[in-house]
Amino acid sequence: MKKRKREALNMFFSAFLVIAYVVCSHFIMQLAESITNASLYSAVMLAVVTLFGALLFYATRVGDGKQVKRFSPSVLCLIVLPAVYVISAYFAVGLPLHQTISESSIMLYLAAVALGYGIPYTFTSGFEMVAAEDVFYPEHFEDKEE
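An account of the accompanying structure is given in this report. This is a predicted model, so every value here is computed, not measured.

Basis of the calculations
- Residues numbered from 1 in each chain as written.
- Predicted model: local features only at pLDDT ≥ 70, side-chain atom pairs only at ≥ 80, totals over all residues.
- Heavy atoms only, no water.
- Helix = DSSP H or I, 4+ residues; strand = E, 2+ residues; numbered from the N terminus.
- Buried < 20%, exposed > 50% of the residue type's maximum accessible area, 1.4 Å probe, protein only.
- Areas by Shrake-Rupley, 256 points an atom, 1.4 Å probe, with all protein chains shown as cover.
- Axes fitted to C-alpha atoms, helices over the stretch in contact; angles between N-to-C directions.
- Parallel < 35°, antiparallel > 145°, perpendicular 65-115°, else oblique.
- Left-handed = near helix turned anticlockwise from the far one by under 90°.
- Contact = heavy atoms within 4.5 Å.
- Nonpolar A, V, L, I, M, F, W, Y, C, P; charged D, E, K, R; others polar.
- Phe/Tyr/Trp six-rings, centres within 6.5 Å; stacked < 30°, edge-to-face > 60°.
- Lys NZ or Arg CZ within 6 Å of the ring centre and 35° of its normal.

So, the overall build of the protein
Item 1. Scanning the protein for helices and strands turns up seven helices and two strands.
Item 2. Walking the protein from its N terminus toward its C terminus, one meets helices and strands in the order α-α-β-α-α-α-β-α-α.
Item 3. Every one of the 146 residues in the protein was classed for burial, and the buried ones make up 25%.
Item 4. Carbon and sulfur atoms provide 68% of the accessible area of the protein, an area that totals close to 9900 Å².

See the structure below:
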């Protein structure tokens, strides 16, 4: 299969995956409305939306090449930790901004999407094309950079 057709097919399946998840999560949210405990309902919604963020990460990181694994402290500090704080402040009454966050559920959902996207992005960045000689002869690759 040609590279261009394969890329188009990957993009189509990624878009289909996101749309299918949105449809399925709509039905899960409809079922979750029957939960009478407000904290449990929020936790279920939080899990659904966090999974959506992880799915968005997967859908935007498809490709050919070698999976790049790395640890990114900047992503951890700028995306993951603020999202964890917003989620914590939603549930913990004593934290600053609790009142503001608890009045707007959209802030909770956006933080959950950011958390779902940020956790995998902290440890991997996607795919990168690597030439075969760079894998087998890494000193050759270092010479090219200089």
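Looking at the packing of helix H2 (residues 38-60) against helix H3 (residues 73-91)
Item 1. For the pair H2 and H3, interaxial distance at closest approach is 11 Å and the crossing angle is 165°. One way to sum up the angle between H2 and H3 is to call them roughly antiparallel. In this structure, H2 meets H3 at a crossing whose hand is right-handed. For the pair H2 and H3, the contacting residues are Ser-39, Ser-42, Ala-43 and Leu-46 in the first and Ile-87, Tyr-90 and Phe-91 in the second.
Item 2. Grouping the amino acids of the contact of H2 with H3 by side-chain chemistry returns five nonpolar, two polar and no charged.

As for the packing of aromatic side chains
Item 1. A complete count under the given rule lists six aromatic pairs for this structure.
Item 2. An angle of 90° between the planes, with centres 5.1 Å apart, marks the rings of Tyr-90 and Phe-91 as edge-to-face.
Item 3. Classification of Phe-91 by relative accessible area gives partly exposed; the value is 37%.
Item 4. Taken together, the ring pairs connect Phe-57, Tyr-117 and Tyr-121 into an aromatic cluster.
Item 5. Just above the ring of Tyr-121 sits the side chain of Arg-70; from NZ or CZ to the centre is 5.0 Å.

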